[in-house]
Amino acid sequence: MAQSPTAASHSHDAQFVTLGIDREVFAVPVDAVLEILDMRPMFRIPEAPGYLAGLIDVRGRGVPVIDLRLKLGLPAQAANEMTRILVLEFTVGEQNLVLGLIADRVIEVITLDRREIQPAPAIGLQWRSDYIAGVGRRNDNFVIIFELARLFSSSDVALISATAKTKTAA
């Protein structure tokens, strides 16, 4: 049975939550987002890397929170009324990871046609291209789509997992 033109076009659509860091717009797949939270106090973890902001309680679970600005090599910025924590769940290797990402702001949920998402250029971006799944366009602006599994190194994942388990056990 042939698909109608509208059904065929929808099969190429992908939804993303867009977030702002500095002047750039990034995106994460909407199906990886569990919750979007207002900024809140965190339990600081001694001797953790600077980008690991701390732990928050999400429905009884200790969730490590990453300051995305610091992870991307940008200067720290004080939280304001627009700052949000995106609680994400995704797989890295064979490990399921739940963590929070601090974003300067959450913008909206958008739909992009997968066929129009271009690979990250090898040059011309100030971000490392290995954790960029692609670049889309929204209203004549670029949207940088994160490859969540590559945004964090294996040592990051080990630290984040150990931190979450330690706090949950405590």
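Parameters and conventions
- Residues numbered from 1 in each chain as written.
- Predicted model: local features only at pLDDT ≥ 70, side-chain atom pairs only at ≥ 80, totals over all residues.
- Heavy atoms only, no water.
- Helix = DSSP H or I, 4+ residues; strand = E, 2+ residues; numbered from the N terminus.
- Buried < 20%, exposed > 50% of the residue type's maximum accessible area, 1.4 Å probe, protein only.
- Contact = heavy atoms within 4.5 Å.
- Polar contact = N/O pair within 3.5 Å; in protein donor to acceptor, adjacent residues only side chain to side chain.
- pLDDT = per-residue confidence, 0-100.
- Phe/Tyr/Trp six-rings, centres within 6.5 Å; stacked < 30°, edge-to-face > 60°.
- Pairing = 2+ DSSP bridges.
- Axes fitted to C-alpha atoms, helices over the stretch in contact; angles between N-to-C directions.
- Salt bridge = Lys/Arg side-chain N within 4 Å of Asp/Glu carboxyl O.

### What about the environment of D113?
Here's step 1: As for its placement among the helices and strands, D113 is situated in strand 8 (residues 105–113).
Here's step 2: For D113, a relative accessible area of 16% gives the class buried.
Here's step 3: Beyond its immediate sequence surroundings of up to four residues, D113 is in contact with H12 and D13.
Here's step 4: Engagement of the side chain of D113 in a polar contact is seen with the side chain of R115, the distance being 2.7 Å.

### Thoughts on the confidence of the model for the protein
Here's step 1: Averaged over the protein, the pLDDT score is 84; the fraction of residues at 70 or greater is 79%.
Here's step 2: Averaged pLDDT values for the elements of the protein fall to 50 in helix 1 (residues 5–10) and rise to 97 in strand 3 (residues 33–38).
Here's step 3: Here residues 1–8 is modelled with pLDDT under 50, and outside its nearest four sequence neighbours on either side it reaches two contacts, counting other chains as well.

### Digging into the packing of aromatic side chains
Here's step 1: In total, this model carries two aromatic pairs according to the counting rule given.
Here's step 2: Relative to F146, the ring of F26 has its centre 4.7 Å away and its plane inclined at 0°; by these criteria the two rings are stacked. Here F26, found in strand 2 (residues 24–29), pairs with F146, found in strand 10 (residues 141–146); they are 120 residues apart in sequence, far enough to count as distant.
Here's step 3: With a relative accessible area of 2%, F146 lands in the buried category.

### Let's talk about the side chain of R69
Here's step 1: Considering the arrangement of structural elements, one finds R69 in helix 2 (residues 68–71).
Here's step 2: By relative accessible area, which is 6% here, R69 ends up buried.
Here's step 3: Here the side chain of R69 touches D104 through a polar contact of 2.7 Å, side chain to side chain.
Here's step 4: Look past the residues within four positions of R69 in its chain and what remains in contact with it is I21, D22, L74, P75, A76, Q77 and D104.

### Some details on the sheet that holds strand 5 (residues 61–67)
Here's step 1: Sheet architecture is open: five strands sit in the order 3-6-7-5-4, paired in mixed fashion. Looking at strand neighbours, the two that pair on one side only are strand 3 and strand 4 (52–58), the edges of this open sheet. Strand-to-strand twist of the sheet, defined as the mean angle between neighbouring strand axes without regard to direction, takes the value 35°.
Here's step 2: Two strands pair when backbone bridges link them, and strand 5 and strand 7 (residues 95–103) are joined in this way by three bridges, in the parallel orientation. For I66, the partnering residue across the bridge sits in strand 7 and is L101.

### Let's talk about the environment of I66
Here's step 1: Within the fold, I66 resides in strand 5.
Here's step 2: In this structure the C-alpha to C-alpha distance between I66 and A103, which are 37 residues apart in sequence, comes to 9.4 Å.

### Regarding the pattern of salt bridges
Here's step 1: Per the stated rule, a full pass over the model turns up six salt bridges.
Here's step 2: One salt bridge connects R138 with E108, and the closest N-O pair in it is separated by 3.5 Å. Of the two residues, R138 is situated in strand 9 (residues 132–138) and E108 in strand 8; the sequence distance between them amounts to 30 residues.
Here's step 3: Exposure remark for R138: the relative accessible area of 30% places this residue in the partly exposed category.
Here's step 4: Taking relative accessible area as the criterion, E108 reaches 31% and is therefore assigned partly exposed.

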